[in-house]
Amino acid sequence: MSKQLKLDVKRGNRIMSMEFDTEEDRRGWERAYRKSRLYTLYFMVGVGINFIFYFAGLDLSRNLLLGGVMGLAVPVAAMLGFTELHLYFLEQKNMRRR
């Protein structure tokens, strides 16, 4: 029988103990956890980009379809894209240290 890997995660004042079958599962969970912590930050960056577009003169609020797509697509794309870039550069930095 294989030994399960254990990981203790602190969330606030609680400590959650998690068990994983393989080291790859544990690394995948850690990567997803790190990404989820960055999502809010980069979503707000996307909202800021929408404000910059608005104050620069690109007002799409009169067009319901285009305004809605732009209002949602820019923050979600910023959230997903910047999070991936952030983790890519972080992993590159860690690879150079080894």
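Residues numbered from 1 in each chain as written. Predicted model: local features only at pLDDT ≥ 70, side-chain atom pairs only at ≥ 80, totals over all residues. Heavy atoms only, no water.

Peer 1: Break down the packing of aromatic side chains for me, with residues and values.
Peer 2: Following the criterion strictly, the structure yields six aromatic pairs and no others. Ring centres of Phe-51 and Phe-55 lie 6.3 Å apart, and the angle between their planes is 15°; this geometry places the pair in the stacked category. Linking Phe-51 with Phe-55, this pair stays in helix H1 (residues 23-55), spanning four residues, or about one helical turn. Between Tyr-54 and Phe-55 the ring centres are 5.3 Å apart and the planes differ by 70°, which places this aromatic pair in the edge-to-face class. Linked through ring pairs, Phe-20, Trp-29 and Tyr-33 together constitute an aromatic cluster. (Phe/Tyr/Trp six-rings, centres within 6.5 Å; stacked < 30°, edge-to-face > 60°. Helix = DSSP H or I, 4+ residues; strand = E, 2+ residues; numbered from the N terminus.)

Peer 1: Report on the packing of H1 against helix H2 (residues 64-97), specifying residues and quantitative values.
Peer 2: The contact between H1 and H2 brings their axes to 7 Å, and the two run at 135°. In terms of their interaxial angle, H1 and H2 are classed as oblique. For the element pair H1 and H2, the recorded crossing hand is right-handed. When the residues that make up the contact of H1 with H2 are grouped by side-chain class, the tally is 18 nonpolar, five polar and five charged. (Axes fitted to C-alpha atoms, helices over the stretch in contact; angles between N-to-C directions. Parallel < 35°, antiparallel > 145°, perpendicular 65-115°, else oblique. Left-handed = near helix turned anticlockwise from the far one by under 90°. Nonpolar A, V, L, I, M, F, W, Y, C, P; charged D, E, K, R; others polar.)

Peer 1: Explain the pattern of salt bridges residue by residue, including any values.
Peer 2: A full pass over the atoms with the stated rule returns six salt bridges. One salt bridge in this structure joins Glu-30 and Arg-26, with 2.9 Å as the shortest N-O distance. Of this pair, Glu-30 and Arg-26 both sit in helix H1, four residues apart, roughly one helical turn. Exposure remark for Arg-26: the relative accessible area of 17% places this residue in the buried category. Where salt bridges share partners, they join Glu-23, Arg-26, Arg-27 and Glu-30 into one cluster. (Salt bridge = Lys/Arg side-chain N within 4 Å of Asp/Glu carboxyl O. Buried < 20%, exposed > 50% of the residue type's maximum accessible area, 1.4 Å probe, protein only.)

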